[in-house]
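Per-entry structural report
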Amino acid sequence: MRERQQRPDWTTYFLDIARAVGRRATCLRRRYGAIIVKDHIIVSTGYNGAPRGEANCIDTGICERERLHVPKGQNYELCVAVHAEQNAMLNADPAQMEGATIYIVGINADGTLASGKPCLLCRRMLRNAKLARVVYYETDGSVVTCAPADIHD
């Protein structure tokens, strides 16, 4: 008799998909993937990278923030990338985002887990898009689930 197959719960399932989306990211420092989901249906995906039609860091081999040793969360104006959450929102129908959940996963260049906590600008955009929940991994592998307005530094 076969052993019964274990299915992942919905949170794990969607975080796994967000991680896979992040494999398309073009940042040299961190790869982020984000998916927007409503009623267990994927509405949109996004990963971090240069705006469409512009040179990506993985193609030029240059990360200005890395070159200057800028810590995570500082001097975003030096980065050419659009964040994964921003790309997911840009790719989605606004009506479908209302009340939806965004799942975010980040992976550092060395393969370790990066915090998927949205930056201040992305948190504002998530609220403006009327997303109901944010789900992301912290660096220790714990899953955080909250409303966009409940994320604080």
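So, how was this worked out
- Residues numbered from 1 in each chain as written.
- Predicted model: local features only at pLDDT ≥ 70, side-chain atom pairs only at ≥ 80, totals over all residues.
- Heavy atoms only, no water.
- UniProt positions renumbered as here; feature names shortened; annotations may be inferred.
- Core = buried A, V, L, I, M, F, W, Y, C linked by side-chain atoms within 4.5 Å.
- Buried < 20%, exposed > 50% of the residue type's maximum accessible area, 1.4 Å probe, protein only.
- Contact = heavy atoms within 4.5 Å.
- Salt bridge = Lys/Arg side-chain N within 4 Å of Asp/Glu carboxyl O.
- Helix = DSSP H or I, 4+ residues; strand = E, 2+ residues; numbered from the N terminus.

As recorded in an unreviewed UniProt entry, the protein chain goes by the name Cytidine deaminase, listed as coming from Selenomonas bovis. In its Cofactor (unreviewed entry) section, the UniProt entry covering the protein chain states "Zn(2+)". Its UniProt record gives the protein chain the following Sequence similarities (unreviewed entry) comment, quoted word for word: "Belongs to the cytidine and deoxycytidylate deaminase family."

Some details on the nonpolar core
Ile 36, Met 89, Met 97, Ile 102, Ile 104, Leu 131 and Val 134 are the most contacted members of the largest nonpolar core, which has 20 residues in total. Leave out the neighbours within four places in its chain, and Ile 102 touches Ala 34, Ile 35, Ile 36, Glu 85, Ala 88, Leu 126, Leu 131, Arg 133, Val 134 and Val 135. Of all hydrophobic cores here, the second largest spans twelve residues; its members include Val 21, Val 37, Ile 107 and Val 135.

Some words on the pattern of salt bridges
Taken as a whole and assessed by the stated rule, the structure comprises two salt bridges. Arg 29 serves as the salt-bridge partner of Glu 66, at 2.7 Å between the closest nitrogen and oxygen. You can see Glu 66 sitting in helix α3 (residues 64-67) and its partner Arg 29 sitting in the loop between α1 (10-22) and β1 (30-38), a full 37 residues away along the chain. In this structure Arg 29 comes out as buried when scored by relative accessible area, which is 12%. For Arg 67, the salt bridge identified is with Glu 64, shortest N-O distance 2.5 Å. Within this pair, Arg 67 and its partner Glu 64 are both found in helix α3, separated by three residues, close to a single helical turn. Residue Glu 64 is classed as partly exposed on the basis of its relative accessible area of 27%.

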